[in-house]
Amino acid sequence: MTLTATAIRLAPRLHEDRPDAMAVWFERQLRSPGQSMPPQDARRVPQMRRLVAARLRLCGLFELVEPMMLVTSELVTNALQYGDGPGVSLLLSCSGKSVRLTVDDGSQQCPQMRSTHAEAESGRGLCIVSMVASEYSGSWGVSSDHTQTWCLLTARASGRGTGV
């Protein structure tokens, strides 16, 4: 069964008391294990980076735009590469000087940080997420059912950003 790759939906507001939250769901192409990521899915990664960047700017969290774009790339790529559900959801919540990104891929397999060498072209995603979270007084983790991976970052600058 092949799903179309054209659907990106901004989910309705999750809670009226969370005006700084954005939720997105998109379909992913189903494929056999070991098959490479289809171009339709690969295009989702930069699309999600742009959405996250725009939302962070709207929330005034300019300092977190670049690091959260990197985290978004890694978590969405992992969800597309290893997830086994029909789609991927992304939830971005801004609160004060902090932002939390949660990506749900529907997979019951727990994401694992791999040991790789510095020149490796793959397998470093969660290591990168961990390093970015550490640099921005944050954290990352996986939900108890293993379907969601999240990362929390906190801006170091006073206020909500520099307007960069």
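Model, not experiment: these values are computed from the prediction.

Asker: Please give an account of unusual backbone geometry that cites residues and values.
Answerer: The backbone of Ser137 sits at a positive phi, close to 45°, despite the residue not being glycine. Phi is positive for His146, close to 70°, though the residue is something other than glycine. Following the sequence through the fold, His146 ends up in the loop between β5 (139-142) and β6 (148-154).

Asker: With reference to specific residues and values, describe the packing of helix α3 (residues 65-82) against helix α4 (residues 125-135).
Answerer: Between two packed helices, both the angle of their axes relative to each other and the distance between the axes serve to describe the pair. Here α3 crosses α4 at 150°, and the two axes come no closer than 9 Å. Relative to α4, α3 is oriented roughly antiparallel. For the element pair α3 and α4, the recorded crossing hand is left-handed. Where α3 abuts α4, its residues Pro67, Leu70, Val71, Glu74, Leu75 and Asn78 lie against Gly125, Leu126, Ile128, Val129 and Val132. Here the residues of the contact of α3 with α4 are counted per class, giving eight nonpolar, two polar and one charged.

Asker: Account for the environment of Leu75, with residues named and values stated.
Answerer: Position of Leu75 relative to the elements: it lies in helix α3. By relative accessible area, Leu75 is classed as buried at 3%. Put simply, Leu75 and Leu90 are 15 residues apart on the chain and 9.5 Å apart in space, counted from C-alpha to C-alpha. Once residues lying within four places of it in the same chain are set aside, the contact partners of Leu75 are Leu101, Val103, Leu126, Val129, Thr149, Trp150 and Cys151.

Asker: Tell me about the environment of Leu90, and name the residues and values.
Answerer: Considering the arrangement of structural elements, one finds Leu90 in strand β3 (residues 87-95). Look at Leu90 and you get buried, because its relative accessible area is 2%. Measuring from C-alpha to C-alpha, the distance between Leu90 and Asp104 comes to 6.5 Å, with 14 residues separating the pair along the chain. Look past the residues within four positions of Leu90 in its chain and what remains in contact with it is Met22, Ala23, Val24, Met48, Val52, Thr72, Val76, Leu101, Thr102 and Val103.

Asker: Now, about the packing of helix α2 (residues 44-58) against α3: what can you tell me, with residues and values included?
Answerer: Packing of α2 against α3 leaves a shortest axis separation of 9 Å and a crossing angle of 145°. Seen from above, α2 lies across α3 with right-handed handedness. Facing Arg44, Val45, Met48, Arg49, Val52, Ala53, Leu56 and Arg57 of α2, the residues of α3 in contact are Val65, Met68, Met69, Thr72, Ser73, Val76, Thr77 and Leu80. Taken together, the residues of the contact of α2 with α3 sort by class into 10 nonpolar, three polar and three charged.

Asker: For the pattern of salt bridges, give the residues involved together with the corresponding values.
Answerer: Close approach of charged atoms allows side chains of opposite charge to pair. Across all of its chains, the model carries three salt bridges by this definition. Among the ionic pairs, Arg31 bridges to Asp41, the shortest N-O distance being 3.6 Å. Taken together, the residues Arg31 in the loop between β2 (21-27) and α1 (39-42) and Asp41 in helix α1 connect sequence positions 10 residues apart. Residues Arg31 and Asp41 agree in their burial class; the two are buried. For Arg156, the salt bridge goes to Glu63, with nearest N and O atoms at 3.2 Å.

Cut-offs and rules
Here the residue numbers are simple positions, counted from 1 along each chain's written sequence. Note on the predicted model: pLDDT of at least 70 is required for a residue's local features to be given, and 80 or more for side-chain atom pairs to be given and counted; whole-chain, interface and lining totals, by contrast, use all residues. Side-chain measures were taken over the full set of non-hydrogen atoms in the model, leaving aside hydrogen atoms and water. Helix and strand labels come from DSSP, where a helix needs a run of H or I of at least four residues and a strand needs a run of E of at least two; each type is numbered from the N terminus. Angles here are taken between N-to-C directions and fall from 0 to 180 degrees, while the axes themselves are lines fitted to C-alpha atoms, restricted in helices to the stretch in contact. Roughly parallel refers to an angle under 35 degrees, roughly antiparallel to one over 145, roughly perpendicular to one between 65 and 115, and oblique to any angle outside these ranges. Each helix crossing is assigned a hand: it is left-handed if the near helix lies turned anticlockwise from the far helix by less than a right angle, otherwise right-handed if that turn is clockwise. The contact criterion used throughout is that any non-hydrogen atoms of two residues lie within 4.5 Å. Only Asp, Glu, Lys and Arg are considered charged, only Ala, Val, Leu, Ile, Met, Phe, Trp, Tyr, Cys and Pro nonpolar, and every remaining residue, Gly among them, polar. Under the scheme applied here, a residue whose accessible area is under 20% of the maximum for its type counts as buried, over 50% as exposed, and between as partly exposed, the area being computed with a 1.4 Å probe on protein chains only. For salt bridges, the criterion is a side-chain nitrogen of Lys or Arg within 4 Å of an Asp or Glu carboxyl oxygen.

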